[in-house]
Amino acid sequence: MVYTVSGVRFPTVPLNKFVGSSNFNANRRIANLSFNHFPARKILSGRSSYDSESPSFTVAASDKILVPGGQTDASSAAEQLDDVEAVLEDSEVSGSLDSSNMEIGSKTKEAETFHEPIVSRHAGGGSKQDSPSILVADEDDEMGGMGTSDSLEENIIDESERVWKRAIPPPGLGQRIYEIDPMLNSYRSHLDYRYSQYKKMRDAIDQYEGGLEAFSRGYEKLGFTRSATGITYREWAPGAKGAALIGDFNNWNPNADIMTRDEFGVWEIFLPNNADGSPAIPHGSRVKIRMDTPSGIKDSIPAWIKFSVQAPGEIPYDGIYYDPPEEEKHVFQHPRPKRPKSLRIYEAHVGMSSTEPIINTYANFRDEVLPRIKRLGYNAVQIMAIQEHSYYASFGYHVTNFFAPSSRFGTPDDLKSLIDRAHELGIIVLMDIVHSHASNNTLDGLNMFDGTDSCYFHSGSRGYHWMWDSRLFNYGHWEVLRYLLSNARWWLDEYKFDGFRFDGVTSMMYTHHGLEVGFTGNYNEYFGFATDVDAVVYLMLVNDMIHGLFPEAITIGEDVSGMPTFCIPVEDGGVGFDYRLHMAIADKWIEMLKMRDEDWKMGDIVHTLTNRRWLEKCVAYAESHDQALVGDKTIAFWLMDKDMYDFMALDRPTTPLIDRGIALHKMIRLITMGLGGEGYLNFMGNEFGHPEWIDFPRGDSHLPSGAVIPGNNNSYDKCRRRFDLGDAEYLRYHGMQEFDQAMQHLEETYGFMTSEHQYISRKDEGDRIIVFERGDLVFVFNFHWSNSYSDYRIGCLKPGKYKVVLDSDDPLFGGFSRIDHNAEFFTFEGWYDNRPRSFSVYAPARTAVVYALTNDEVVLAAE
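As the structure is a computational prediction, the values presented were derived from the model and not from experiment.

Asks: Help me understand the overall build of the chain, please; the structure alone is not making it clear to me.
Replies: Each helix and strand counted, the chain has 19 helices and 33 strands in total. By residue count, 61% of the 863 residues in the chain fall in the buried class.

Structural data, given as structure tokens:
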């Protein structure tokens, strides 16, 4: 049926049918023509630290506890091999990988279909011939061109040049996973099949696209590309029966610039420069593609659009042809910082990062928030909501335009300036990228792009996420792979992001999307019919591409299931992520906070923090950004609730609830950083116990039943961050922020999160004491609500003199000054808590104290 949507421009001149012309691009303004029709080391198998009767154990920082596996089910795995669609043959692509769509770039079609010269690959645009003279870095540069150098031109301006020359290593054998985790041997049929699919896909990409490096530059073929003679626009829309490019440049006339279609569903038009040499489409012009589809006439924003905006007072977004003059383009000046060994991430949302009730900008975040992040001691910023999303309250997770940075916060060059400034400060920039699903929005996004419910997505129920109300990509389709791989490459190359946090990976890896599924750790839950092999292969490909072209880049996956091999290199048979988010920790703290203090179990805390897989690194966090949203509570709110509104000023008396809350808030964060993983993450504002939730501006919602969900009068009051509270020295928030800063700087000094040495020597349920070593530090936590312990003996490994290097009870952090920071602690020889030495400390109630081995001359005390 033919349909119209409010807000879409439908010109008075109808979209006429026309007869094709072989030399159509030579004369683009012809009307009335017709349309044509994808170690060698044993696993720790003893009792876990949660077992109160088990001995304490020694484990390296990278030595993880494996979740118990299930029984072998070779028959089900074999059946899956027979049942899975889209099996790639050695010389062709079949099944769900539609060979007709795949061949878009194969054989001689490359030269025939994509005949226009490609615009320069330099971030600044312009033709390659017009670029300044360059210095090509040595191919053997050990930092991969990502570190600092005396030549900024060599390191940044010409980074893309070096990236093109990199060869992504061929697939390995994919067998080391069985050495790392022998339990995987029972699932060889599934895992070997998975790896064979990955290898066949790599082979097919090599054969038909010239390799993964070339394949991931789809944005140089599709979308808008500019050459010295004009602009070429191409779009893959196999379901469309006709297409025309419309916009401000041709007064939205659907008969002015009609596109031609090749046999692979790619529509194309070339617009030569104007007589005066200016481009046919001026910078900043609104553009859309009008298609005659099975669902009727439809105006869509180009799928590869690089910028889109919503005009004031209008509902739909408009695609913007973004090609500013040279003087307006941001030229990167600062090299990427070297990849940090210990990852300390400050997660932030640009729009809500102002203290004022407004939508903040990239420029303000650059000038105001980045220096704050640096001062706090974080070495990475993870930015949410970058990809354009028409619904602000989606937190950026319902993406409509995957290649466009959100226009709410500024221009693409404003974002580049932000990233350049972060690099100047030594901060790496991670992007919260969404490849797990797409917005259900048919007006602004990819949904029903060509009038069909497939195109980029699975058709029918498989292509719809019922809980998120969003569309699900068909990761087995060739053009979807091109689109998503190119999207990841685009943000790394064009904007100089340093890596990604991949959102919703659990949803990708399973056909049930992790919904209403309780993962118990049984390996049958990971390797069976519910596994979406196409999606896992895509994740392997994107990690391969990212790490092959950008060796210093970081990938973090949000996986709640605990998929084995998730953070093992692809060449070894893994999925290839550098880190997984340790999502169970935040849930555990909420569970604990709902209990009485008397019911907290020290072994339960330790077990949750340390329960992760060997050789698979984790990013730990005490609370997620979801807990700050309306309907949930932050840790600070769980602890102090409404007392935060009246008793956080230092000139007012405190309350038992405030004292308990501030003390536990500090302890929870420190023990999470101390034991939870090789990286740490904090959501902005939580470092000082942000007192308010996040509530996006919204009006009343009217349900089909007639019920009304009241909004907030479209207020931005709760969609901001009150950094002024943490900065105010007369408020108790300031002490909490100072403690968070001290935590980050302690980790910067001692690097304990990635230390090779980790040992938990005590988890005493009676005393409520947890003691552990990490590196040269000894951490002592007393979770008891009233008991303080004098001359409390704690075990340690190394002999010598220890000193206090962090004390949660310090008055600077809102504490009660019960620890003497000038005291020296000398070790005694003799075994204690399975440690060869020990020393005695004072452990006040609800405190965390960290002791460091000094470099002074070792003086041993006799026992």
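Asks: Explain the sheet that holds strand β30 (residues 825–826) here, please?
Replies: In any sheet, the strands associate via hydrogen bonds between backbone groups, in a parallel or an antiparallel arrangement. Read across the sheet, 6 strands follow the order β25-β26-β27-β33-β29-β30 without closing on themselves; strand pairing throughout is antiparallel. In the strand order of this sheet, the two ends are held by β25 (758–764) and β30, each with one partner. Sheet topology places β25 next to strand β26 (residues 769–774); 6 bridges connect them, and they run antiparallel. Note on β26: the bridge partner recorded for Gln758 is Arg774. The sheet contacts of helix α17 (residues 656–675) involve β25, β26, β27 (777–782), β29 (801–807) and β33 (847–853), and relative to β26 the element is tilted by about 40 degrees.

Asks: How should I be thinking about the packing of aromatic side chains in this particular structure?
Replies: When we look at a pair of aromatic rings, we describe it by the centre distance and by the angle of the planes. Under the defined criterion, the tally for this structure stands at 53 aromatic pairs. Ring geometry for Tyr456 against Tyr483: centres 4.9 Å apart, planes inclined by 55 degrees, an arrangement best described as tilted. You can see Tyr456 sitting in the loop between β15 (438–439) and β16 (464–465) and its partner Tyr483 sitting in helix α11 (residues 478–494), a full 27 residues away along the chain. On the basis of relative accessibility, which here comes to 1%, the residue Tyr456 falls in the buried class. When its relative accessible area of 0% is taken as the criterion, Tyr483 is described as buried. Taken together, a centroid distance of 5.2 Å and an interplanar angle of 35 degrees make the contact between Phe457 and Phe473 tilted. With a gap of 16 residues between them, Phe457 in the loop between β15 and β16 and Phe473 in the loop between β17 (470–471) and α11 connect regions that are remote in the sequence.

Asks: I would appreciate a short explanation of the packing of helix α14 (residues 584–593) against α17 in the present structure.
Replies: A pair of packed helices is captured by two measures, namely the crossing angle of their axes and the spacing between those axes. At a minimum axis distance of 12 Å, the contact between α14 and α17 shows a crossing angle of 150 degrees. It follows that α14 is roughly antiparallel to α17 by the angle criterion. In terms of crossing hand, the pair formed by α14 and α17 is right-handed. Across the interface between the two elements, Ile585, Trp589 and Leu593 of α14 pack against Ile668, Ile671 and Thr672 of α17. Tallied by class, the residues present in the contact of α14 with α17 amount to 5 nonpolar, 1 polar and no charged.

Asks: How should I be thinking about the side chain of Arg366 in this particular structure?
Replies: Mapped onto the elements of the fold, Arg366 is located in helix α9 (residues 362–376). A distance of 2.8 Å separates polar atoms of two side chains, one belonging to Arg366 and the other to Ser417. When sequence neighbours within four positions are dropped, the list of residues in contact with Arg366 reads Pro371, Ser417, Leu418 and Arg421.

Asks: Whenever I open this one, the confidence of the model for the chain confuses me. Can you help?
Replies: One rule of thumb: low pLDDT means the predicted coordinates there are not for detailed reading. Summarising the model, the chain shows a mean pLDDT of 84, and 81% of its residues fall at 70 or more. pLDDT under 50 marks residues 1–151. Its contacts with residues more than four places away, or in other chains, come to 365 contacts. Under a pLDDT of 50 for its full length, residues 857–863 has, in the predicted model, 17 contacts with residues more than four places off or in other chains.

Asks: I keep staring at the environment of Leu443 and nothing clicks. Help me out?
Replies: You can see Leu443 is positioned in the loop between β15 and β16. Judged by its relative accessible area of 11%, Leu443 is buried. Remark: the alpha-carbon pair of Leu443 and Ser390, spanning 53 residues in sequence, is separated by 9.6 Å.

Asks: Whenever I open this one, the pairing of strand β18 (residues 499–502) confuses me. Can you help?
Replies: The side chains of a regular strand alternate between the sheet's two faces. Taking every second residue as pointing to the same face, both faces of β18 are buried, with Gly499 and Arg501 on one and Phe500 and Phe502 on the other. The pairing of strand β14 (residues 428–433) with β18 spans 4 bridges and is parallel. Note on β18: the bridge partner recorded for Met431 is Phe500. The pairing of β18 with strand β19 (residues 554–557) spans 4 bridges and is parallel. Across the sheet, the residue bridging to Arg501 is Ile556, located in β19.

Asks: Is there a simple way to explain helix α13 (residues 533–549) in this structure?
Replies: In an α-helix there are 3.6 residues to a turn, and that puts residues three or four apart on one side. Compared with the 24 Å implied by 1.5 Å per residue over 17 residues, the 24 Å span of α13 between its first and last C-alpha is a close match. For α13, the buried fraction is high: 16 of the 17 residues fall into the buried class. You can read the cap of α13 off the contacts: a side-chain oxygen lies 3.2 Å from the backbone nitrogen of Asp534, and it is on Asp532.

Asks: Could you clarify how one ought to interpret the side chain of Glu159 in this entry?
Replies: Checked against the element boundaries, Glu159 lands in helix α5 (residues 159–165). A polar side-chain atom of Glu159 sits 2.6 Å from a polar atom in the side chain of Arg336. In terms of polar contacts, Glu159 uses its side chain to reach the side chain of Lys496, at 3.0 Å.

Asks: Just checking my understanding: could you explain the packing of α11 against α13 for this structure?
Replies: Interhelical geometry of α11 versus α13 gives an angle of 30 degrees and a closest axis separation of 10 Å. Looking at the two axes, α11 sits roughly parallel to α13. Crossing hand, α11 versus α13: right-handed. Contacts between α11 and α13 involve Leu481, Leu484, Leu485, Ala488, Arg489 and Leu492 from the first element and Tyr538, Leu541, Val542, Met545, Ile546 and Leu549 from the second. Here the contact of α11 with α13 is composed, by residue class, of 11 nonpolar, no polar and 1 charged.

Asks: Would you mind showing me how to read helix α7 (residues 188–209) here?
Replies: Helix length check: α7 (22 residues) gives 30 Å between terminal C-alpha atoms against 32 Å at 1.5 Å per residue, within 8%. Phi for Gly210, located one or two positions after α7, is positive at around 80 degrees.

Asks: I would appreciate a short explanation of unusual backbone geometry in the present structure.
Replies: With the exception of glycine, the majority of residues adopt a negative phi angle, and the majority of peptide bonds are in the trans configuration. Notably, Met448 is not glycine yet its phi reads approximately 55 degrees, a positive angle. Within the element layout of this structure, Met448 appears in the loop between β15 and β16. What makes Met448 partly exposed here is its relative accessible area of 22%. Of note in the backbone geometry, Asn714 takes a positive phi value of approximately 55 degrees without being a glycine. Within the secondary structure, Asn714 sits in the loop between β24 (708–709) and α18 (723–727).

Asks: Got a minute to help me understand the pattern of salt bridges in this structure?
Replies: When the charged atoms of two side chains with opposite charge come close together, those side chains can pair. As enumerated under the stated definition, the model contains 55 salt bridges in all. Across the pair Asp248 and Arg286 runs a salt bridge, and its minimum N-O distance is 2.9 Å. Of this pair, Asp248 sits in the loop between β3 (242–247) and β4 (260–261) while Arg286 sits in strand β6 (residues 286–293), placing them 38 residues apart in sequence. A salt bridge links Asp604 to Lys588, with the shortest nitrogen-to-oxygen separation between them at 3.0 Å. Pair noted here: Asp604 is in helix α15 (residues 602–610) and Lys588 is in helix α14, with a separation of 16 residues, a long-range link. Across the pair, exposure class does not vary: Asp604 and Lys588 are buried alike. Put simply, Glu159, Glu213, Arg217, Glu220, Arg336, Arg489, Asp493, Lys496 and Asp498 are held in one network by salt bridges that share partners.

Asks: Would you explain the sheet that holds strand β31 (residues 828–832) in this entry?
Replies: Sheet architecture is open: 3 strands sit in the order β28-β32-β31, paired in antiparallel fashion. Only two strands of the sheet have a single partner each, and these edge strands are β28 (789–796) and β31. With strand direction ignored, the average angle separating the axes of adjacent strands in the sheet is 55 degrees. Here β28 pairs with strand β32 (residues 835–843) via 6 bridges, running antiparallel. Paired with Tyr792 across the strands is Val841, a residue of β32.

Asks: Just to check I follow, could you spell out a nonpolar patch on the surface for this structure?
Replies: A cluster of nonpolar side chains, Tyr464, Trp466 and Met467, forms an exposed patch at the surface whose accessible area comes to about 340 Å². Among the secondary structure elements, Trp466 is positioned in the loop between β16 and β17.

Asks: Can you walk me through the pairing of strand β2 (residues 230–236) in this structure?
Replies: Across the 7 residues of β2, 7 count as buried, placing the element largely inside the fold. Summarising the sheet, strand β1 (residues 223–226) and β2 pair through 4 bridges and their orientation is antiparallel. Each residue of the ladder has a partner; that of Thr225, found in β2, is Thr232. Alignment of β2 against strand β5 (residues 266–272), held across 7 bridges, turns out to be antiparallel. Across the sheet, Trp236 pairs through a bridge with Val266, a residue of β5.

Here is what the cut-offs are and how they apply
- Residues numbered from 1 in each chain as written.
- Predicted model: local features only at pLDDT ≥ 70, side-chain atom pairs only at ≥ 80, totals over all residues.
- Heavy atoms only, no water.
- Helix = DSSP H or I, 4+ residues; strand = E, 2+ residues; numbered from the N terminus.
- Buried < 20%, exposed > 50% of the residue type's maximum accessible area, 1.4 Å probe, protein only.
- Pairing = 2+ DSSP bridges.
- Contact = heavy atoms within 4.5 Å.
- Axes fitted to C-alpha atoms, helices over the stretch in contact; angles between N-to-C directions.
- Phe/Tyr/Trp six-rings, centres within 6.5 Å; stacked < 30°, edge-to-face > 60°.
- Parallel < 35°, antiparallel > 145°, perpendicular 65-115°, else oblique.
- Left-handed = near helix turned anticlockwise from the far one by under 90°.
- Nonpolar A, V, L, I, M, F, W, Y, C, P; charged D, E, K, R; others polar.
- Polar contact = N/O pair within 3.5 Å; in protein donor to acceptor, adjacent residues only side chain to side chain.
- pLDDT = per-residue confidence, 0-100.
- Expected span 1.5 Å × (residues − 1).
- Salt bridge = Lys/Arg side-chain N within 4 Å of Asp/Glu carboxyl O.
- Patch = residues over 30% accessible without salt bridge, like charges linked within 9 Å, V, L, I, M, F, W, Y side chains within 5 Å.
- Areas by Shrake-Rupley, 256 points an atom, 1.4 Å probe, with all protein chains shown as cover.

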